[in-house]
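In case you want the letters, here they are:
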Amino acid sequence: MKAKSTNLRGSQTGAGQTGVAKGKKKEKRMPYAERRAQILEKATELFAEYGLTAQTRALAAECGISQRLLYRFFPTKEDLLREVYDTAILGPFQAVWFAELSDRSRPMRDRLNDFYNDYLDTVLGRRWLRLFLYSSLAEADMAPNYISSIITKLTETIVTETARERGIRLGMEPEAIHEIGWTIHGALSHYGIRRHIYRASLTTPQAQVVDMHVRSFLSGFDAMVAQFE
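This section reports on the structure supplied with the text. (Residues numbered from 1 in each chain as written. Predicted model: local features only at pLDDT ≥ 70, side-chain atom pairs only at ≥ 80, totals over all residues. Heavy atoms only, no water.)

### With respect to the side chain of Thr56
Mapping Thr56 onto the fold places it in helix α4 (residues 56-63). Engagement of the side chain of Thr56 in a polar contact is seen with the side chain of Tyr71, the distance being 3.1 Å. Those residues in contact with Thr56, other than ones at most four positions away along the chain, are Gln67, Leu70, Tyr71 and Lys77. (Helix = DSSP H or I, 4+ residues; strand = E, 2+ residues; numbered from the N terminus. Polar contact = N/O pair within 3.5 Å; in protein donor to acceptor, adjacent residues only side chain to side chain. Contact = heavy atoms within 4.5 Å.)

Okay, structure coming up:
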C-alpha cells in the first residue's frame, strides 16, 4: 500500500507526469457504466487483499483516475462498500438454490450434495472469503447482513426439508433450527476457508468431503432435533 502511494507521488514530476496525464485522459473517456464496473472490481480486489481500511486514494491510483473522479461515482466510502457488498458478497448467491433444496422429488442427500458443491465452487472462493472475513474483523455490517438475509433462510430450508423427508415435526424455536443448520453449513464453510485461506485440505476431492459432511449431518439429524424437544 505504501509503495503504491509513493509511486503515485513520484509520478507528479517530469516524464512520469506526462505519462500519467495521458493515461488519465484516455481512461476518462471510458463509458460511465464501464468505469463504474472497473472501480467496483478494483475495490473488491483491494478490500479483499488489504481489508476494509484500504484507502480510496490507493483505489483511485489502481484505476488510473483521480480521487475526485472516484467520488463522482461513489460520494463516500460507505457508498462504495455497500456496492461491493451487493455485487461481490451477496451477488454470487443464486436464488434458485432455495428452490432446488426444496425439490422433494429428490433425496435430501442429493440436494445437499449438489447445493454445497455449487456453493463452494460459486461463492466460497479465495476473494469472497477474504472479503467476508475482513468485513467481520472490521465489525462492518456486511457479514451480519449476509447471515441474516441469506444464511438464516438457508439453514431454515435445510433443516425443515430434512425434517419433512424424515417425517419429523419441528416444535422448536427458530434459533434452535438455525443452530442445527449451522452444523453442516459451518463445517463446509470452514472447509472452504481451509482450502483457500490456509491452503490445506487440498488432497481429498471436494465432492468426497461434501458427501462426508452431508452423511454426518443426516445421520445425526434425529439426535440433534431430540435435544430441543
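Structure's up, so let's keep going.
### Remarks on the packing of helix α3 (residues 32-50) against helix α6 (residues 77-90)
As a packed pair, α3 and α6 sit with axes 10 Å apart at the nearest point and diverge in direction by 85°. Comparing their axes, α6 and α3 come out roughly perpendicular. Across the interface between the two elements, Arg36, Ile39, Leu40, Ala43, Thr44 and Phe47 of α3 pack against Lys77, Leu80, Leu81, Glu83, Val84, Thr87 and Ala88 of α6. Here the contact of α3 with α6 is composed, by residue class, of 8 nonpolar, 2 polar and 3 charged. (Axes fitted to C-alpha atoms, helices over the stretch in contact; angles between N-to-C directions. Parallel < 35°, antiparallel > 145°, perpendicular 65-115°, else oblique. Nonpolar A, V, L, I, M, F, W, Y, C, P; charged D, E, K, R; others polar.)

### Digging into unusual backbone geometry
One non-glycine residue, Arg199, lies in positive phi territory at about 60°. Considering the arrangement of structural elements, one finds Arg199 in the loop between α11 (174-196) and α12 (206-219). Judged by its relative accessible area of 56%, Arg199 falls in the exposed class. Even without being a glycine, Ser201 presents a positive backbone phi close to 55°. Here Ser201 lies in the loop between α11 and α12. Exposure remark for Ser201: the relative accessible area of 30% places this residue in the partly exposed category. (Buried < 20%, exposed > 50% of the residue type's maximum accessible area, 1.4 Å probe, protein only.)

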